[in-house]
Amino acid sequence: MELLAQTACNLLKKGEPFVMATIFSHSGSTPRSSGSKMIVTANGRGIGTIGGGLLEARSMSRAVELIGLGQSEVFPFDLSHEVVTTMDMICGGQAEVLLDCVMPTDDNRAVFRRWRGLLAEKGSGALLTLVITAGEQIQRVTHGILTTEGEIEGEFPLSDMDRDRLTAMVTPRKVCTVTVGCGFVVVEPLEQMCTAHLFGAGHVAQATARVAAMVGFRISVADDRAEYANRERFPDAEAIRVLQTFKNSFSNMTIDRDDYVVILTRGHLHDRTVLAEALKTRAGYIGMIGSRRKRDAIYGVLLQEGFSRTDLDRVHSPIGLSIGAETPEEIAVSIVAEMIRHRAESLMHKP
């Protein structure tokens, strides 16, 4: 989501309009759920995805037309049984896509800049898109930010009654559509992105960073070798740290439940050092690469150092799902698959 926010800000700064395509309602089986977004530029370039296939292709084609017209539109899409059979697709539901033509105005620049900032800061709130309608036609689309205090930042022409109703219906982490007197509002709570902190910058870490970034994790890489921990090897990383030593690996870092610690160093001693430090944090996920024999040896030492069995039960080791992975790329897939499962289960249990 941060990539979309950054792209939106860059385009608005350059004075270029674009369409923000958002699935805001769906039923049955669809490629992506409500809240899935992508940006379509005037030249037809797409950033992000709303599921690929026919839905995305037709949405993108119509988006380019709308940019030329300076108009927005609700694009209904029915993945009926006939369409599914014809296109050899496995989805058969319905979806509504808001094709929101965003013009480079000062108001839009301010709101999207605020959205980008909140995402970067792991802030709370929601992105609001007000669709003002006349019959089935869209007259105007405007944007705002709903703060945690219930205030709306940006030009958002709602009555006090509609504002109160809107704030009362917002549900954390769930995209919803609220009907108001002049149309409807798409409410998108700010997505709390999880950060994958990779300790070790070898071949497995390199592949893991690439796969994890593709599925929405922020990436942080730390190693004591500058020739490995660098931008050339980790272009997707938000942060790259070259350590003097793996001791005190988490100095000056705030680690919480949305942080994933992935231990992939080049040696048992380094793995043990990082694991001991990781267990002192509030990390939601801790995984360590290696065999069961290596794991048990490290656990034995940590138990002698005062860690409890409950502490060690937090650790996923050997890391990753058991899929018979052998190559660095296969191992990366198994690791990230386990991280995805953990992220999904964590979201299910959040209030």
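Residues numbered from 1 in each chain as written. Predicted model: local features only at pLDDT ≥ 70, side-chain atom pairs only at ≥ 80, totals over all residues. Heavy atoms only, no water.

Caption draft 1: Inspection of the overall build of the chain at higher detail. When its secondary structure is counted, the chain shows 10 helices and 16 strands. Evaluated residue by residue, the chain yields a buried proportion of 47% over its 351 residues. Long-range pairs, those at least 24 residues apart, make up 58% of the contacts in the chain between residues at least 6 apart in sequence. Only carbon and sulfur atoms are counted for the fraction: they give 50% of the accessible area of the chain, which is about 17300 Å². (Helix = DSSP H or I, 4+ residues; strand = E, 2+ residues; numbered from the N terminus. Buried < 20%, exposed > 50% of the residue type's maximum accessible area, 1.4 Å probe, protein only. Contact = heavy atoms within 4.5 Å. Areas by Shrake-Rupley, 256 points an atom, 1.4 Å probe, with all protein chains shown as cover.)

Caption draft 2: Spatial organisation of helix α4 (residues 106-120). Across its 15 residues, α4 extends 21 Å between first and last C-alpha, which sits within 8% of the 21 Å expected from 1.5 Å per residue. Along α4, the residues classified as buried are Asn-108, Val-111, Phe-112, Trp-115, Gly-117, Leu-118 and Leu-119. Residue Lys-122 follows α4 closely and has a positive phi angle near 60°. (Expected span 1.5 Å × (residues − 1).)

Caption draft 3: Examining the sheet that holds strand β15 (residues 285-288) more closely. Read across the open sheet, the six strands follow the order β13-β12-β11-β14-β15-β16; overall the sheet is parallel. Bordering the open sheet on either side are β13 (239-242) and β16 (315-316), each of which pairs with just one other strand. When strand β12 (residues 218-223) meets β13, the two strands line up parallel, connected through four bridges. Note that in β13 the partner of Ala-222 across the bridge is Arg-241. (Pairing = 2+ DSSP bridges.)

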